[in-house]
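Overview (structure and organization)
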Amino acid sequence: MANAIAYRCVRMIAEAAASIPWLLYEGATELESHPLLALLARPNGHESGTALFERWYAFLQVAGNAYLEAVSLRGEVRELHVLRPDRVKVVAGPRGWPIAYDYAVNHQAVRIARDESGFLPVLHGTLFHPLDDLNGYSPIEAAATAIDVHNAGAAWTKSLLDNAARPSGALIYKGPDGAPGLTGDQFDRLKRELEDAYAGAGNAGRPMVLEGGLDWRAMSFTPADMDFSDIRNAAAREIALAFGVPPMLLGIPGDNTYSNYREANLAFWRQTILPLVARTASSLTRWLAPKFGENLRIGHDVDQVQALALERESVWDKLNAASFLTLNEKRE
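Report on the accompanying structure. (Residues numbered from 1 in each chain as written. Predicted model: local features only at pLDDT ≥ 70, side-chain atom pairs only at ≥ 80, totals over all residues. Heavy atoms only, no water.)

1. A few points about the pattern of salt bridges
Taken as a whole, this structure holds six salt bridges when the rule is applied. Where D102 meets R111, a salt bridge forms, and the shortest distance between an N and an O atom there is 2.8 Å. The class for R111 is exposed, based on a relative accessible area of 52%. Between R270 and E311 there is a salt bridge; the shortest N-O distance is 2.5 Å. You can see R270 sitting in helix α9 (residues 261-287) and its partner E311 sitting in helix α10 (residues 309-320), a full 41 residues away along the chain. The class of R270 is partly exposed, set by a relative accessible area of 39%. (Salt bridge = Lys/Arg side-chain N within 4 Å of Asp/Glu carboxyl O. Buried < 20%, exposed > 50% of the residue type's maximum accessible area, 1.4 Å probe, protein only. Helix = DSSP H or I, 4+ residues; strand = E, 2+ residues; numbered from the N terminus.)

2. Topic: the sheet that holds strand β2 (residues 29-30)
Backbone-to-backbone hydrogen bonds join strands into a sheet, with any given pair of strands oriented parallel or antiparallel. Judged by pairing direction, the sheet is antiparallel, and its three strands sit side by side in the order β2-β1-β11 without closing on themselves. The open sheet is flanked by β2 and β11 (296-300), the only strands paired with a single partner. Of the pairings in the sheet, the one linking strand β1 (residues 22-26) to β2 comprises two bridges and is antiparallel in character. Looking at β2, one finds that E26 is bridged to T29. Each of β1 and β11 touches α9; the most contacted strand, β11, lies at about 165° to it. (Pairing = 2+ DSSP bridges. Contact = heavy atoms within 4.5 Å. Axes fitted to C-alpha atoms, helices over the stretch in contact; angles between N-to-C directions.)

3. A few points about helix α1 (residues 4-18)
With 15 residues, α1 should reach 21 Å at 1.5 Å per residue; the first-to-last C-alpha distance of 21 Å fits that figure. Taken together, the buried positions of α1 are I5, A6, C9, V10, M12, I13, A14, A16, A17 and A18. Where α1 is buried, its residues contact α3 (49-63), α5 (144-162), α8 (229-243) and α9. The N-cap of α1, judged by a side-chain oxygen 3.1 Å from the amide nitrogen of I5 a few residues on, is N3. (Expected span 1.5 Å × (residues − 1). Polar contact = N/O pair within 3.5 Å; in protein donor to acceptor, adjacent residues only side chain to side chain.)

4. As for the sheet that holds strand β3 (residues 65-73)
The antiparallel open sheet is built from three strands, whose spatial order is β4-β3-β8. Looking at strand neighbours, the two that pair on one side only are β4 (76-83) and β8 (122-126), the edges of this open sheet. With direction set aside, neighbouring strand axes in the sheet form an average angle of 20°. With seven bridges joining them, β3 and β4 adopt antiparallel strand pairing. Looking at the pairing, L73 lines up with E76 of β4. Sheet strands touched by α3: β3, β4 and β8. Its angle to β3, the strand with the most contacts, is close to 145°. Along the sheet, α9 makes contact with β3, β4 and β8, crossing β8 at roughly 155°.

5. Quick look at the side chain of T280
Following the sequence through the fold, T280 ends up in helix α9. Since its relative accessible area comes to 4%, T280 is described here as buried. Residue contacts for T280: discarding those within four places in its chain leaves W22, F53, W56 and Y57.

6. A word on the packing of aromatic side chains
This model, assessed by the stated rule, comprises four aromatic pairs. For the ring pair W22 and F53, a centre distance of 5.2 Å and an interplane angle of 65° mean the geometry is edge-to-face. Pair noted here: W22 is in strand β1 and F53 is in helix α3, with a separation of 31 residues, a long-range link. According to the relative accessible area criterion, W22 is buried, its value standing at 15%. (Phe/Tyr/Trp six-rings, centres within 6.5 Å; stacked < 30°, edge-to-face > 60°.)

7. Re the side chain of E47
By the element assignment, E47 lies in the loop between α2 (35-41) and α3. In this view, E47 contacts R42, L52 and R55; residues no more than four positions away in its chain are not counted.

8. Some points on the packing of α5 against α8
Contact pair α5 / α8: the axes reach a minimum separation of 8 Å and the direction vectors enclose 145°. Crossing of α5 against α8: the hand is left-handed. Residue-level contacts link A146, I147, V149, H150, G153 and A154 of α5 to I231, R232, A235, A236, E238 and I239 of α8. (Left-handed = near helix turned anticlockwise from the far one by under 90°.)

9. Considering the packing of α1 against α3
The geometry of a pair of packed helices is captured by two quantities: the angle between their axes and the separation between those axes. α3 packs onto α1 with a crossing angle of 140° between their chain directions and a minimal axis gap of 8 Å. In terms of axis orientation, α1 runs oblique to α3. For the element pair α1 and α3, the recorded crossing hand is right-handed. Touching V10, I13, A14, E15, A17 and A18 of α1 are T50, F53, E54, Y57, A58, Q61 and V62, all from α3. When its residues are assigned to classes, the contact of α1 with α3 shows nine nonpolar, two polar and two charged. (Parallel < 35°, antiparallel > 145°, perpendicular 65-115°, else oblique. Nonpolar A, V, L, I, M, F, W, Y, C, P; charged D, E, K, R; others polar.)

Printed below as a string of structure tokens:
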């Protein structure tokens, strides 16, 4: 919540993935209308399907886990709700597999277990975790050090600006020969007056009035000490790498992996968004489709992705140039 790069990566992935419409197939036949499609489009009375799955994908990136609850009435699934991962605890059975989920709010926990038909009304989505059988591993955890470096660089830069981009300088007491240094009270009064009258961005450049015996020696950082931009950009690239977002899409300078923005955007959709949506469609098919009928499969409409239009144009050009196909075969 305190890092702009991580937050932007989460939003880019969640908004892009949630924008892809769902499709429904019965065998090889695509269904234009079906109660399951209606449920995915309007999962509950408070939000649209796009808003619900945007939260699903966002929680998956932030926590490594995402939970979708199906609310049933007389055995029919009527609503879908995304559960906050920090409120959910997996209940493992004797063999180590999940048998229920505890959802806790305001110190009150509700156990969501299998119903009479054996249906577990919670879909648990995870990202790969090498050391946990039940929970996922968030990209934020993998990029934690880079996020700390990026945040520390921002805090350091702000401190420099608050202090006029230099350590101000040193006040040197030059009393008469043999005179002692400042007393404790004098030192505290001097420090307090400096903080009140000269510290902060609003007092930058304000002339200082010195009493007798005090001399000012200016100090400053070298350009290398002040240049945290390269360090922060390197950390930002590492954060973006953990999420699978090309740094070029985030406006991070110094990344020349892709020749142009369109190529980076295509890689973002092909390598990050589409695999994530395909996994979700497969999970929804396994979990939810049997409640609405046999031989149903949930898919996603790649043709609606504008970023892939260039690839589709290439395919159409190849088909148009194929002289060995009839017009109807090309249409098919």
